[in-house]
Structure formats: structure tokens, C-alpha cells
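For reference, the chains in residue letters:
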Amino acid sequence: MSHSPVSDTVVSDAVLADPVAAPIARDRRHPTGGHDPSPAARGHAATMDRIRIRGGRRLEGTIPIGGAKNAALTVMPAALLTDQPLTLTNVPRLADIDSMIALLGQLGTGVDADFDGRAADRRLVLTARAITGATAPYDIVRKMRASVLVLGPLLARHGHARVSLPGGCAIGTRPVDLHLKALEALGARITLEGGYIDARAPSGGLKGNDIVFPIVTVGGTENALMAAVLADGETVIENAAREPEITDLATCLNAMGARVEGLGTNTLRVRGVPRLHAATHAIVADRIETGTYALAAAVTRGRLLLEGTQHGLLEAVIDHLEEAGVSVTATDAGLVVDARDRDLRGVDVMTKPYPGFPTDMQAQWMALMTTATGAAMITESIFENRFMHVPELVRMGADINIHGGSAIVRGQTHLSGAQVMATDLRASVCLVLAGLAAEGETIINRVYHLDRGYETVEARLAACGAEIERLRG
Ligand SMILES: CC(=O)N[C@H]1[C@@H](OP(=O)(O)OP(=O)(O)OC[C@H]2O[C@@H](n3ccc(=O)[nH]c3=O)[C@H](O)[C@@H]2O)O[C@H](CO)[C@@H](O)[C@@H]1O
Ligand SMILES: C=C(OP(=O)(O)O)C(=O)O
């Protein structure tokens, strides 16, 4: 497996000490508003930050859930499909969002970001009046794989895209061959040279066609969908991914004038239109952030109200939580997760494409299972190398054995605080959960991974009783 220095790759801190957050300063209104800089916007310093937790405190309180990182990262490139403004609300303030803003800016997109005030009042207006560049450079793609999602829209609107190959990362090889095959089915000519994908549309533009994905790919479906909306004629995407982030993208595209049918199913039917127009779209709630905080309540045997999220986005996770003995109730105010005075049982999971149990919740589930009674078998079926958190959990006292693609967790272990190393986004937050449950002090290094996907995680947890702080790098 290749190990190029992309965001979740284990590389030296020196290599990662040049984050791409800086170009955001060109924005008319900087998301940080010039004060109270987010870790994401603090750049270099944030790469060296650590998190210190003193565990053993029950969490009680309310946590607001933001817009989904993975929805925002696919909806933002859709702005490249039109010369009119795309206004997005409920955009989370994360390092990856800064990276995508920087990339879209390089391609000629005007950015008007107002990230002050309550999350619901935030607005991000993206206007790609003209495409002035067609290259997604290595420096950005290596830090954020979702950069590859500019490929489809650039090709559809501009007829040409040059995107650095993302390479492998800490969780797997993650090729993009299926993205490229889908675009070729629409008529694109694709060459790979010097580590870059060079994609060109035929002179008459992309043509609608049938695309059948041999395996479910979220990013592949997103690129195919964004390319197909401006293609001439009809495209049918079969074995499409059904993740809520794809439905969010299709909803946004339809608001922009696209004609996509079959939302939420594995067959998407797209009738191409000559152009798209301005639209306003609210990013769907983050189901992975929701699930992570639900497990924070469970792992500390506490009770949390998760505001601004929807039960229907994470049924598989909720079913497993209930099977483990946690109460989850949907109320008008949000989801109430209650594990007070409960003895939790070990419950097996196997990761699957949506609506199955998400791979992005696998590491957090493992942290919870170390505290449950009995054993749990956790099988990772999406990525070949997504157990990087196991040795770190073992250093905290967990009893976990890996057999191929499965990990057996023998629960009810006594977790004790330790110095641990975050290796990727979800592994990082799994260590936060373990630290909340452990006795004594846990120090998590390389928390820049965490800043890719969790906004003000330490403040949100501290507000609910956790003893947690960020140690500035
Ligand atoms: C930004 C974003 O939304 N990231 C999510 C997205 O990643 P991403 O879109 O990269 O994940 P995919 O659904 O494409 O990957 C699923 C599997 O398909 C393989 N594959 C994918 C494309 C391809 O061309 N060839 C190929 O073999 C991958 O290596 C992987 O084994 O979905 C994953 C699966 O739910 C999540 O874990 C990520 O958080
Ligand atoms: C793996 C993830 O993201 P990405 O695809 O951007 O690496 C994730 O969100 O857990």
C-alpha cells in the first residue's frame, strides 16, 4: 500500500505543519471573524495541539449537532456547476471546510463566508462566475481526499480537470478508479500522468449513459452525479451509494435546477440540463457527529440531549446502542441518549454501506465495547486498514485481538489513561471516548486529525461535565 502524506496518513509532524487553511484569509469575511480563531484556522499551531482528559466523569447536558462535514464537502464543489451563487447554511467550521474553500478559491470561486453567530445563522456563499483554474494541486489533495470531488463538476462545466491522485491513507489504499470509469462512461478522456488525473470532456460535452458501480462508492457516486447533471441526455447510476450525504447533494442539485430522481435509493436517474442556477441549501445534520456524541453519553454512562439532528439518519447505530442497553429517544428537542445506571452488553457490528452500520463509527463503537460486559466482534468490511486505533486502545488497557478484518473486544476492562497517538479522524475521537471512560489522565497527540471533523469538541464535552482541555502546540 502506498503511503502518501494525505490527511489521515501517519507522517511526521513536520510534513503536516503547513496546513492549507491560510488561503481562507482572502475571503471577504473570514470565518474566524478576526478573533477567537478556530483550531482549524490557527494553522501551524493547531497541528501541534494535544488534548488532555481526566476520565471517569459522567456526561450530562446538551450538545448541538452541526451540519455534516461529508455533506458540505460534496455540496460545496457543486458551486462549480453554475455561474450563479450557491448559498449554503449549517456549514460546520472545520479544517476540511477551510481546505475546500481554499481549493474552490483557486479554481476561481468567489467566497463570502459569514461564520459568526449561531450555527444556524452561518452562511457560505460560493460564486463560480468563471472557472479560472482547473487544477486541484497535490498540496491540497494530500490533506483532504474530498478534493477529488471537484473532478466531476469541473469536467461538466469547464470541460477539463486536472486533479492530483489522492494516493493511499491511514485507513486504506482508497483508489479512485471507479470515479474515473464513471466519468469515462459519460465520454470523458482520462489520462494519468505525473501523479495527476487529467480529464477532458469531448468537444460536444459529456453525454448521458448508464453507469453501474461494481461496489458501492460514496465519492464515485457523487462525482458521477455532479458530472451527469449537465451532460446531454439521461444518465442512470446503478448500485449508487445511498448515504444521506448523497441525498443532500441531489437535493441541492435539484434546487439548482438539476433533474435527479430516485433520491435515497440505489438507482439515481439524471436528466441532463444545459445549465444550473442560484440556490440556497441547508446542509443535513452530521450523523457521524451525532453517533459519536451518543457514544460519549454511553461510554460515560451519562445522559445527553443531541440537538438539531434526526433519528432517521443513524438508525443502524441507534439499533446497536439499544441492543447494548442504552436508551435512545427521539424528542422535539433532539435525540436523548441515556445510559445512566445501565450495564451495557457487548454487541457485534459489521460495517456496511448506508443504511448499514457506518465505517466512520467503527472506531468509536470499539471504544464503547471495551466498557461493556462480554465480548463483541467488530468487522470492518469497507476499508482494509481501519484498525489503527487498536494498539492505542490496548495501551490504555483494552483487551482486543485482530483476526483479519475483525477485531474481538473483550469488554469490562479497566481502561487507564495514557499518552496516545491519533492516526486518523475517527481513530482520534475513539481515543477521546476511551479517555472519557478511563481512570486518570489521557493525552492525545496529533489532534489535528480531530479538527478535520469535530468542531470545538473539547468545549462541547466540557460543557457537559468532561474534564478535557486542549494543550496548545
Ligand atoms: C468525504 C467523505 O464523504 N468521505 C466518506 C466517503 O469516503 P469515500 O467516498 O472515499 O469512500 P467510498 O465509498 O468511495 O469507498 C468505499 C470503498 O470503495 C473503494 N473504492 C472507492 C472508489 C473507487 O474508485 N474505487 C474503490 O475501490 C474504497 O477503497 C473503499 O474500500 O465514504 C466512506 C465510506 O462510507 C466514508 O468512510 C468517508 O468518511
Ligand atoms: C474517512 C473520513 O473522511 P475522508 O473520506 O475525508 O478521509 C471520515 O470522515 O471519517
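Residues numbered from 1 in each chain as written. Chains lettered and ligands numbered in written order. Predicted model: local features only at pLDDT ≥ 70, side-chain atom pairs only at ≥ 80, totals over all residues. Heavy atoms only, no water.

The chain appears in an unreviewed UniProt entry as UDP-N-acetylglucosamine 1-carboxyvinyltransferase from Roseospira visakhapatnamensis. Looking at the chain in UniProt, the text filed under Pathway (unreviewed entry) is "Cell wall biogenesis; peptidoglycan biosynthesis." According to the UniProt record, the Sequence similarities (unreviewed entry) comment for the chain reads "Belongs to the EPSP synthase family. MurA subfamily." (UniProt positions renumbered as here; feature names shortened; annotations may be inferred.)

(A) Quick peek at the side chain of Thr379. Here Thr379 lies in strand S19 (residues 375-379). For Thr379, a relative accessible area of 13% corresponds to the buried category. A polar atom in the side chain of Thr379 sits 2.9 Å from the side chain of Ser406. In this structure, Thr379 is in contact with Val349, Met350, Thr351, Gly405 and Ser406, ignoring residues within four places of it in sequence. (Helix = DSSP H or I, 4+ residues; strand = E, 2+ residues; numbered from the N terminus. Buried < 20%, exposed > 50% of the residue type's maximum accessible area, 1.4 Å probe, protein only. Polar contact = N/O pair within 3.5 Å; in protein donor to acceptor, adjacent residues only side chain to side chain. Contact = heavy atoms within 4.5 Å.)

(B) Focus on the confidence of the model for the chain. Averaged over every residue, the pLDDT of the chain is 91; the share at 70 or more is 90%. In the predicted structure, residues 1-38 sits below a pLDDT of 50 and forms 100 contacts with residues beyond four places in sequence or in another chain. Overall fold confidence for the complex sits at a pTM of 0.93, while the interface term, ipTM, reaches 0.99. (pLDDT = per-residue confidence, 0-100.)

(C) Spatial organisation of the site of ligand 2. As a structural note, the neighbourhood of ligand 2 is formed by 10 residues, with Lys69, Arg174, Arg386, Arg426 and Arg452 the closest of them. Within the side chain of Asn70, an N or O atom sits 3.4 Å from an oxygen atom of ligand 2. Arg426 is positioned such that a nitrogen or oxygen atom in its side chain is 2.7 Å from an oxygen atom of ligand 2. In the complex, the protein chains occlude 92% of the 290 Å² of accessible area that ligand 2 would expose alone. When contributions to the shell around ligand 2 are tallied by element, the ones reaching two or more residues are helix H3 (69-75) and helix H14 (425-437). (Near = heavy atom within 4 Å. Areas by Shrake-Rupley, 256 points an atom, 1.4 Å probe, with all protein chains shown as cover.)

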